[in-house]
Amino acid sequence: MALNVTVDGRAQQIAPGASVLDAINQAGVYVPQLCKDPDQKARGACRTCLVEIEGMRGFPASCTTPCSDGMHITVNSPAAERIRRGVLELTMGMHPDACHTNRPNTHNDLVDAARAHGIDEPRFAPLPDPSVDTSNPFFVLDMQQCILCARCVTACDEVQHIGAISLLGRGSVMKVGAFEDQPLRESICTSCGSCFAACPTGAIFPKKVRPAPVKHVDTTCPYCGVGCGIKLDITTEGLITRSDDEPSNNSSQGMLCVKGRFGFEYVNHPDRLTTPLIRRNGRLEEATWDEALDLVAGKFVEYRDSFGALASAKGTNEDGYVIQKLVRSVMDSNNVDHCTRLCHSPSVHAMLQSLGSGATSNSYVDYENAGCLMVVGSDSSSNHPVITVRFRRAVKRGAVLIVVNPKWTELNYYADIWLRPRPGTDVALFNGLAYVLLDEGLADMDFLNTRTEGFGEWSEAVRQYPPSRVAEITGVAEQDILAAARAFAKPKFSGSCMIWGMGVSQHSNGTANAHGVINLALAAGMAGKPGNGISPLRGQNNVQGCGDAGCIPDNLPGYQALTQANRDKFAAAWGQITRKPAGLTVTAMVEAAGRGELKAMYVVGENPFLDEANLGHARHALRELQFLVVQDIFMQETAHAAHVVLPATSFAEKEGTFTNSERRVQRVRTALRPIGQSRPDWAITSEIARRVCSRLGLNASQFVYESPAQIFDEMASLTPIVAGISHDRLDREGGIQWPCPSADHPGTPNLYVDGFPRPNGRARLTPVHQGAAAVELPDDEYPIILNTGRTLYHWHGGTITTRVSGLVDLVPVVEASINPVDAETYGIRDRRPVEVTSRRGSIVCQARVTSEVTRGELFMPFVSLQGAAANFLTNNAYDPNGMPEYKVCAVRIAPAAQPGPAPAPSAARAP
Amino acid sequence: MQEKRPRPRTRRPVESPAAPPPGNQDLIARVQGYPRRRTYLLPALIDVQHELSWLPPWALEAVGVHVRVPRSEVYGIASSFPDLRLSEPAAEVTRVCRGASCRQRGAAAPKGDSADCLFVCGVGPAVELHGRLSGRDAPPPPPLAEGMLLQDGTCTRAVYDSGQQRSARKVGCPGNCWQAPAWSEDGGLTWLSHDGQLWQAPGNLRLLKNIGRIEPLAGAADAYQALQRAHSMGSDAVWRLVKDAGLRGRGGAYFPLGAKWETARSTPAARKFLLVNAEEGEPGIYKDRHLLEGDPHRVIEGLLIAALAIGATDVVIFVNGEAHLAHERLLAALQRARTLGAERVPVEVRLGAGGYVLGEETALINAIHGQRAEPLARPPFPAVSGLYGTPTVINNVESLANLPDIVLNGAEWFRSLGTSGNPGTKLVSLAGAVARPGLYEVPLGVPLRSIVHDYGGGTIGTIGSMLVGGPSGSILPTSLLDTPFDVQPLQNVGGVLGAGGIVPLTDDQCPVAAVRELSAYNARESCGKCTPCREGTVRMLHMLDDLPHTDLDTLDDLNDVLAFGSLCGLGQMAPNPVRALLLHFSDIVAEHTRGGCRFGVCTWP
């Protein structure tokens, strides 16, 4: 029932609960509203929105006054203007004439307000406030232009829930600052930029100044699996000047991290590949597209029966679909894979087996609404920052947070319980947690009886893991095991979410680990309802989509099995399809290349020369290939060894879709024209495919696509989970979560509401047992466990982020985190160079002495900086699904003689 | 090993908390004993500062981790409370009180730190040496026999160590600060001091009637009888009674209790709070401490009656962090009340850490929530949504202390003193240029002259002006001594009643300088949230400091911006003393604009 009000005489109808300011804005009347952020609650602090309201004394603040029916609001009266002018003069009087101007690439709302109220010079002389913080590489915090509206602080504390900045002091000496008034760079600020986006006067302004933008494009961030909505500002020359958040995006809700906010310098970087390259006489030389594509097509035909393709988890769904179509329908092979192998392949495999579906069962909003979150082996603050905001919100609402991780992460600030198991003992831990559920009657027996199968065998296995035994194996105290199990099984409200990351999957027992966490979630009945969920956090922006599109060796698109019937269906659409059994995983491809069995590889947007475990061995193996094609945006490590390099466009130069970790398919849109001669991946692959087809006498028109939209339509027609999605629909409605079986289906926020997509509709409990903690454990020669992972500021190997100067400024070197006791033992000092050596290689990096890691464990991010790359050390021991054991290998550490690039890795050894 | 290249500095966002220095395990354990909720942020910080005398970074972080508030926020919140120290203090701290009445009584210019008020105005000028308060010189009493009563409270301890008298019974102080240290040989009816003066508290004692006669923790003979009667009357009847009695809030706003209670009563909620405001931050006001030190059971009884009438499920008492004796006696009395079975709802006591702005209801609520000491926009008003989102009534200690007598004696009785618009008595903190500075219970409506002469024993020297109502109050000329001491009559002459502080100043004190000190206080105490107050109070101070270059029209505009634009009462009422100055002392102001101060006090570079 709308309220009727008037604003300066104009009648308005407004919803109940709206503020007077809402009515004024709706009426199109101008009133300053400096501290009112569109995405935050009204604060009532700036006092520039004061108006007259009939029947109310004085000049109420319109932002915090609710409308009532029949209200008469006067904005423009001499009396109200006089008071507002006085407030504005006081505001302007805070600073020297800096507030008369707009800083480049920012806007100053105060300048607008002053102009509207006819203020030229305030009557109050400025007070000096020299505090300017330039420590952050991306933006400046300039108190000289700050009006203390606190929108930035609110964005940091209450929207992003990071809490790096606050209002310090009180009264006129108040300022915005960080803990102990340290420079921002030394605080817990993650440079997410929410403060920068909220500032109305340009007091927080970007360091990089670009010409004014002419175009704004809505697209999806290409970094991580959260899939934040971004708005790119583009100049006439096709430069990206700024990336803004998108408040209406359901996945990101107006938030970003440092990479999504400031990380797009790489798109216009001079290092971008602009022409095809062919290796002639040992050197890569520029070539034409025709030359390169002909050569590639020819070689693909030549090596057709010993061929493998690596699709890109950073590419679009359309890119991926075309690659696997090339492999399956033209190259007569199932040897297609992508980096999920190195990431969540055990999780996906376990989920497909147990639950019938290979993706997170819930939506991000369920994390926020859960009563308990168990986050296992995931440093989500670094790798999924915007999802982590949801966790923080949940904790603030009273949810219990249980963190399972051998190393301390930022989540520990919020955790109620921290389980710190020995690396590789997670199966025992999760069996032990399940034991407590069964033993104390906390399991959801109704769920187990009606919706699962395999209880008997599973519970027998679990019974062998009483807490006392588990405590011995894992090193976790019994009372913590009990507390965690109880909290997870019986949250005080709502449900529990089981969330996990690489700490579960990147082990030689990764699949067993995944079964362990899935089993526990099933035992507690935490699937199929809002507020609960079974949730692997997907890493790359489109690793979910790449698997959905079929770039895996043992499934067709949409996880349809390689059955006769399914192949027939695809064959009917494509003309033909391979009848061979499941193909090689990427790790198997590397091994096969080393043995000479795989002779040609098509590597798209992937970098096995940096990502594989035991790089010495992997590089050696891949160098055995007869023909290696690398298609990418930069010359990365693998490209340097390639026979042909093809320049691809970045996400900003093509149309397509990404699918994020909550199964939401979202649009990627062209913001600028392709750099140099680069072409979209799908177009390159299609062109290669056409040329191979014509050489093989196959129908090349199968690979004639007008647009990525058409590619998606083809995929949708063959793939039930995305059958109802199209570019058109996404443009109209925004992102849609699969399964979406038909065009009128709204998409699916929660899986398993009515059943599990398995033959009998039930989930399967898969018994698992704790085996050896890892393939290579410490010994006298190599006494420390190396754990590898990532850092917030660099994306994975660093190919992209080393081309963003601000990120390199923040993290210029690889740091090995070592416990103080170990540091003492091995003579290591903080921030000094150290040499870390395994049986497979050696690198020099910088030490970081911290108790975040426990004794006997090191941690390093695997980004390659200044020649140090952790994967020279890691062990190519595999889990049954081909996942390398990134999380555990044995190393030794010693102070290094001098800093500098790594000595060459030691000679490759066979595994 | 020598290194030629500078070591690169890597960003370490995932910084785990700094380890506490060794030897702090007990303190850490105490911090970790609090529930892990933000509302325990301030109590934990106060605990830490009590132990370490300041808040070092590692401690801020430890508290933040425990209550799950990021450390920058903890630091920022701590910095909004003036009594929390974020840098290590000097080993020995001296504070000299620079409040109006202490200055009138000859406070020295501080060599060390100055305090805005040490809250022992009656025995000023006051100084705090290494944490010990000390007031004016006073001859000690002779050895007192058993059965004699010795006045014993924070103020009296500032002039005399009551521990020296073992035989006498220690009772609360009946309000004769001027006479301290005083004793009674007749059970508290009359009081003696070493210089031979005899004093009896001026009549009409209601709030103060037990103080000085009973041992504070024992309570009066009729303690909790009113509460019993209230329970048998029932919530509705008690509310109606208080409404009929017309009791208005004694914290300075004079809002009718019955109306405030009604809003809370009529808001349906599973939990409702009564928040007792014992922060008493206004300089020159110490009446609530006095009640808590001298007759804590009366206050407790009053709040329990209020809780019943409101339908409160919980009570929180917020006590000034430096009111140690009041806090101690309140806790002990609560303990006793519990054993007597009087406490039917849980009562939690919280300590404050300073801040005049906590006189604003939502700022007080924010402090308890573990947020910065700053107000929120209203609506919603606390009676609808206050503490933890529940309907919350905030009442002043003095207001609540009136309730037991109202319940026992009725509305008519209550109305028999005071005025029809504002019935009852008011505790007046009278100090400055009077012979007998003290705490006096005065029927509302009596003329100021009566307070100064009949209660205060007349002036010392000739008075030239009077500060009435504190920093949000006014300065009045002697020509207005006949003004009745009530809200409207004072308002009519540009005065403010406030919480009951009256400080006559001798005619050698410059009114401009006196108002300048009040403005400086407001500027210091501004929480900073809203632009008019944060910027305006400082500008106002600059203008008063530089009257020769001040445009009085601009000053007038500034007063309006503050009065109409500020978010809360601190800013809204900051112009009051200045307006009163301009209204009543215009010739002195005019003289100052021409660069002259006939008192020889104000100078300009």
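How each quantity is defined
- Residues numbered from 1 in each chain as written.
- Chains lettered and ligands numbered in written order.
- Predicted model: local features only at pLDDT ≥ 70, side-chain atom pairs only at ≥ 80, totals over all residues.
- Heavy atoms only, no water.
- Pairing = 2+ DSSP bridges.
- Helix = DSSP H or I, 4+ residues; strand = E, 2+ residues; numbered from the N terminus.
- Axes fitted to C-alpha atoms, helices over the stretch in contact; angles between N-to-C directions.
- Buried < 20%, exposed > 50% of the residue type's maximum accessible area, 1.4 Å probe, protein only.
- Contact = heavy atoms within 4.5 Å.
- Salt bridge = Lys/Arg side-chain N within 4 Å of Asp/Glu carboxyl O.
- Polar contact = N/O pair within 3.5 Å; in protein donor to acceptor, adjacent residues only side chain to side chain.
- Parallel < 35°, antiparallel > 145°, perpendicular 65-115°, else oblique.
- Left-handed = near helix turned anticlockwise from the far one by under 90°.
- Nonpolar A, V, L, I, M, F, W, Y, C, P; charged D, E, K, R; others polar.
- Expected span 1.5 Å × (residues − 1).

(A) Highlighting the sheet that holds strand β13 (residues 392-396) of chain B. Residues and elements named next belong to chain B. Ordered in space as β12-β11-β10-β13, the four strands form an open sheet in which the pairing is parallel. The sheet is open, and its two edges are formed by β12 (347-351) and β13, each paired on a single side. Each strand of the sheet is rotated relative to its neighbour by a mean of 20°, with strand direction disregarded. Note: strand β11 (residues 314-319) against β12, five bridges, orientation parallel.

(B) Local environment of unusual backbone geometry. With an omega of 0°, the peptide bond between alanine 180 of chain B and proline 181 of chain B qualifies as cis. Position of proline 181 of chain B relative to the elements: it lies in the loop between β6 (169-171) and β7 (183-184). With an omega of 5°, the peptide bond running from arginine 378 of chain B to proline 379 of chain B counts as cis. Along the chain, proline 379 of chain B falls in the loop between α13 (361-369) and β13. Phi at glutamate 180 of chain A is positive, roughly 55°, even though this residue is not glycine. With respect to the helices and strands, glutamate 180 of chain A occurs in the loop between β8 (175-178) and α5 (194-198). Despite not being glycine, aspartate 332 of chain A has its phi angle at roughly 50°, a positive value. Here aspartate 332 of chain A shows up in the loop between α8 (317-330) and β16 (336-337). For aspartate 332 of chain A, a relative accessible area of 28% gives the class partly exposed.

(C) Up close: the sheet that holds strand β28 (residues 656-659) of chain A. Residues and elements named next belong to chain A. If you trace the three strands from one edge of the open sheet to the other, you get β28-β29-β30, paired in antiparallel fashion. Edge strands, defined here as strands with exactly one partner in the open sheet, are β28 and β30 (736-737). In terms of strand pairing, β28 meets strand β29 (residues 664-668) through four bridges, oriented antiparallel. Across the sheet, residue threonine 659 finds its bridge partner in β29, namely valine 665. Packed onto the sheet, α8 meets β28 and β29 and runs at close to 95° relative to β28.

(D) Structural detail: the pattern of salt bridges. In this structure the tally under the stated criterion is 76 salt bridges over all chains. When the shortest N-O distance is used, the salt bridge between aspartate 244 of chain A and arginine 261 of chain A registers 3.8 Å. Of this pair, aspartate 244 of chain A sits in strand β12 (residues 240-245) while arginine 261 of chain A sits in helix α6 (residues 258-262), placing them 17 residues apart in sequence. Here arginine 261 of chain A falls in the buried class, since its relative accessible area comes to 3%. Its salt-bridge partner being arginine 289 of chain B, residue glutamate 280 of chain B comes within 2.5 Å of it at the nearest N-O pair.

(E) Expanded view of the environment of arginine 47 of chain A. Its place among the elements puts arginine 47 of chain A in the loop between α1 (20-26) and β3 (52-53). On the accessibility criterion, arginine 47 of chain A (7% relative accessible area) is buried. It is 8.4 Å that separates the C-alpha atoms of arginine 47 of chain A and leucine 34 of chain A, two residues lying 13 residues apart in sequence. Ignoring any residue separated from it by four or fewer positions in sequence, one finds arginine 47 of chain A in contact with Ala61 and Val87 of chain A together with Cys530, Pro532, Gly565, Ser566 and Leu567 of chain B. A polar side-chain atom of arginine 47 of chain A sits 2.8 Å from the main-chain carbonyl oxygen of glycine 44 of chain A.

(F) Looking closely at the packing of helix α19 (residues 531-545) of chain B against helix α20 (residues 552-565) of chain B. All names here are of chain B. One way to put it is that α19 packs onto α20 with a least axis distance of 10 Å and a crossing angle of 155°. Overall, the two elements α19 and α20 adopt an arrangement that is roughly antiparallel. Crossing of α19 against α20: the hand is left-handed. Contact residues: Pro532, Cys533, Gly536, Thr537, Arg539, Met540 and Met543 in α19; Thr554, Leu555, Leu558, Asn559, Val561, Leu562 and Gly565 in α20. Taken together, the residues that form the contact of α19 with α20 break down as eight nonpolar, five polar and one charged.

(G) Here's a closer look at helix α11 (residues 296-310) of chain B. Residues and elements named next belong to chain B. Taking 1.5 Å per residue, 15 residues should reach 21 Å; α11 reaches 21 Å between its end C-alpha atoms and fits that length. Burial runs high along α11: 15 of the 15 residues are buried. Downstream of α11 by one or two residues, glycine 311 has phi in the positive range, about 85°.

(H) Main features of the pairing of strand β17 (residues 474-477) of chain B. Residue and element names in this part refer to chain B. Alternating residues of β17 divide into Ser474 and Leu476 and Ile475 and Pro477, and every residue in both groups is buried. As judged from the four bridges shared by strand β16 (residues 463-468) and β17, these two strands associate in the antiparallel manner. Among the inter-strand pairings, methionine 466 is bridged to a residue of β17, identified as leucine 476. Counted along the chain from β16 to the antiparallel partner β17, the turn is five residues long, and its residue glycine 469 has a positive phi close to 100°.

Read these as geometric descriptors, not functional statements.
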